[in-house]
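# Examination of the molecular architecture
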Amino acid sequence: MSNYRITKTPFAAFRGTCDGQVGGEALSFAADAAKGNRRGFYRFAIHGANHNYFNTQWSPQSGQVAAFDDATPVKGHPGQCTDREDAAPDRQLTEPQQRHVAGTYLGAFFRRYLLGDTKQDEVLTGARHPDAALTDVDVTTGERRPGLR
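The structure contained in this document is the topic of the report that follows. (Residues numbered from 1 in each chain as written. Predicted model: local features only at pLDDT ≥ 70, side-chain atom pairs only at ≥ 80, totals over all residues. Heavy atoms only, no water.)

### Things to note about the overall build of the chain
Within the chain, the secondary structure is distributed over 3 helices and 6 strands. The N-to-C order of helical and strand elements in the chain reads β-α-β-β-β-β-α-α-β. A buried classification covers 42% of the 149 residues belonging to the chain. Working note: accessible area of the chain is about 8300 Å², and carbon and sulfur atoms make up 53% of it. (Helix = DSSP H or I, 4+ residues; strand = E, 2+ residues; numbered from the N terminus. Buried < 20%, exposed > 50% of the residue type's maximum accessible area, 1.4 Å probe, protein only. Areas by Shrake-Rupley, 256 points an atom, 1.4 Å probe, with all protein chains shown as cover.)

### Side note on unusual backbone geometry
One non-glycine residue, Ala-66, adopts positive backbone phi at about 70°. Summarising the element assignment, Ala-66 is placed in the loop between strand E2 (41–46) and strand E3 (72–74).

### Topic: the side chain of His-47
Assignment of secondary structure puts His-47 in the loop between E2 and E3. When its relative accessible area of 16% is taken as the criterion, His-47 is described as buried. Ignoring sequence-local partners within four residues, the contact set of His-47 consists of Thr-17, Asp-90, Leu-93, Thr-135, Asp-136, Val-137 and Asp-138. (Contact = heavy atoms within 4.5 Å.)

### Regarding helix H2 (residues 95–115)
Compared with the 30 Å implied by 1.5 Å per residue over 21 residues, the 28 Å span of H2 between its first and last C-alpha is a close match. At the exit of H2 stands Gly-116, carrying a positive phi of roughly 70°. (Expected span 1.5 Å × (residues − 1).)

### Description of the sheet that holds strand E6 (residues 137–141)
Strand order in the open sheet made by the 3 strands is E1-E2-E6, with mixed pairing throughout. One side of each edge strand has no neighbouring strand; the edge strands of this open sheet are strand E1 (11–16) and E6. For this sheet the average axis-to-axis angle between neighbouring strands, irrespective of direction, equals 15°. (Pairing = 2+ DSSP bridges. Axes fitted to C-alpha atoms, helices over the stretch in contact; angles between N-to-C directions.)

### Digging into the packing of aromatic side chains
Taken as a whole and judged by the stated rule, the model has 8 aromatic pairs. Seen in terms of ring centroids, Tyr-42 and Phe-109 are 6.1 Å apart; in terms of plane orientation they differ by 80°. Their pairing is edge-to-face. Taken as a pair, Tyr-42 in strand E2 and Phe-109 in helix H2 lie far apart in primary sequence, 67 residues in all. Each of the two residues, Tyr-42 as well as Phe-109, counts as buried. Between Tyr-42 and Tyr-113 the ring centres are 6.1 Å apart and the planes differ by 50°, which places this aromatic pair in the tilted class. Of the two residues, Tyr-42 sits in strand E2 while Tyr-113 sits in helix H2, which places them 71 residues apart along the sequence. The pair formed by Tyr-42 and Tyr-113 is uniform in burial state, with each residue classed as buried. Three or more aromatic residues joined by ring pairs make a cluster, and in this case those are Phe-14, Tyr-42, Phe-44, Tyr-105, Phe-109, Phe-110 and Tyr-113. The ring of Tyr-113 carries Arg-112 above its face, with NZ or CZ at 5.2 Å from the centroid. (Phe/Tyr/Trp six-rings, centres within 6.5 Å; stacked < 30°, edge-to-face > 60°. Lys NZ or Arg CZ within 6 Å of the ring centre and 35° of its normal.)

### With respect to the pattern of salt bridges
Going through the model one piece at a time under the given rule, you end up with 5 salt bridges. As a salt-bridge pair, Arg-128 and Glu-122 come within 3.9 Å of each other at their nearest N and O atoms. Given the relative accessible area of 45%, Glu-122 is considered partly exposed. (Salt bridge = Lys/Arg side-chain N within 4 Å of Asp/Glu carboxyl O.)

### A closer look at the sheet that holds E3
Pairing is antiparallel in the open sheet, where 3 strands are placed in the order E3-E4-E5. Each having just a single partner strand, E3 and strand E5 (90–91) make up the two edges of the open sheet. As paired elements, E3 and strand E4 (residues 77–82) share 3 bridges and run antiparallel to each other. Bridging across to E4, Thr-72 finds its partner in Thr-82.

Spelled out as structure tokens, the structure:
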């Protein structure tokens, strides 16, 4: 149960299915905090994404101290990952692929709520998946009244 509520501002939460640091409960926590949000609430689960590839500082290619791949590899299946041993594996995204997919959904969210660009609504609701060739993205939306920005 969250100690706070996010009710008066649009809100989006992201997580990767191969995130070895933050499990699926992160999206549940976000949903609990945004219960009753009438301005726009979205949860995005990016298949094959981990925690550290979302930015260039924590990713191994950065060369930064302590930058690492936090995905849980699937034994005997190179290129496959998960966030826990009992979960179905996904094909792990590369650093640039993961940032590309995140940019697609973050861009859609900010274009919608900062610029009022309603052409992005199909991406935000999961009706359109522009990066389907790279990976699946599970989209869950919360309560939202049409016309609100």
